[in-house]
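Secondary and tertiary structure notes
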Amino acid sequence: KQEVTQIPAALSVPEGENLVLNCSFTDSAIYNLQWFRQDPGKGLTSLLLIQSSQREQTSGRLNASLDKSSGRSTLYIAASQPGDSATYLCAVVTGAQKLVFGQGTRLTINP
Amino acid sequence: EPEVTQTPSHQVTQMGQEVILRCVPISNHLYFYWYRQILGQKVEFLVSFYNNEISEKSEIFDDQFSVERPDGSNFTLKIRSTKLEDSAMYFCARSRTRTDTQYFGPGTRLTVL
């Protein structure tokens, strides 16, 4: 059974810092990996999708990497801003089409 | 990002009552999903739907749950007899293909009293 773990559970950094969020998964047989952002009481906003054949994807200040063989992904956020404060979720798609989510990392950027 | 809408945004119901949650389609998105998130817990997969059939469902998706596209447009999740433990945020998601980005709606907060 696929399990997704995110470390740390919470992170607080000053504005302007670069930071890395970690995601690990137990079964490397995935189709893709998605990173989402969730604001309190809100829905999920897709940030990046990495297909299993890819190593990384970039969107603006965000860069996500994927090492399928070791079951790891990282989300790098450059020059963090207070508006980046949210919970960041990692999820993998298995052969069953479903997304399996991690618990998330709650990120706080302090002005 | 393609917009996915859900109605209602908040539903309060009595235990044992039936509820129907609705999701409005994006054209050319053929794959549909329902997920739920109990407060403070992970987002959990419920069911995926393609070509008017369920393609995958989780152990949570028991006989109390059903999905359909009644008019080929809206995508609905029905809970026949709600329980207290059904209280959660329910998210609809859609994707163009089975391995493409899944886009989520804003969710329906279901409160069962």
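Residues numbered from 1 in each chain as written. Chains lettered and ligands numbered in written order. Predicted model: local features only at pLDDT ≥ 70, side-chain atom pairs only at ≥ 80, totals over all residues. Heavy atoms only, no water.

**Considering the sheet that holds strand β3 (residues 19-25) of chain A**
Residue and element names in this part refer to chain A. Keep this limit in mind: Any two strands between which DSSP finds at least two bridges are classified as paired. A helix here means a DSSP run of H or I that spans at least four residues, while a strand means a run of E at least two residues long, and both kinds are numbered starting from the N terminus. Fitted lines through C-alpha atoms serve as axes, helices being fitted only where they are in contact, and the angles separating the N-to-C directions of these axes extend from 0 to 180 degrees.
With antiparallel pairing, the 5 strands of this open sheet are ordered in space as β1-β3-β8-β7-β6. Two strands in the sheet have a free side with no partner beyond their single neighbour: β1 (4-7) and β6 (56-59). On average, adjacent strands in this sheet sit at an angle of 15 degrees to one another, irrespective of strand direction. Looking at chain direction, β1 and β3 are connected through 4 bridges and run antiparallel. By the bridge assignment for β3, isoleucine 7 is matched with asparagine 22.

**Here's the deal with the state of the cysteines**
All names here are of chain A. For clarity, the threshold we go by: Two cysteine sulfur atoms make up a disulfide if the distance between them is within 2.5 Å.
Evaluated as defined, the whole model comprises 2 disulfides over all chains. With its sulfur 1.9 Å from that of its partner, cysteine 23 forms a disulfide with cysteine 90. The chirality of the disulfide connecting cysteine 23 with cysteine 90 is left-handed, given an S-S dihedral of about -55 degrees. Residue cysteine 23 is located in strand β3, and its partner cysteine 90 is located in strand β9 (residues 86-93); the two are separated by 67 residues in the primary sequence.

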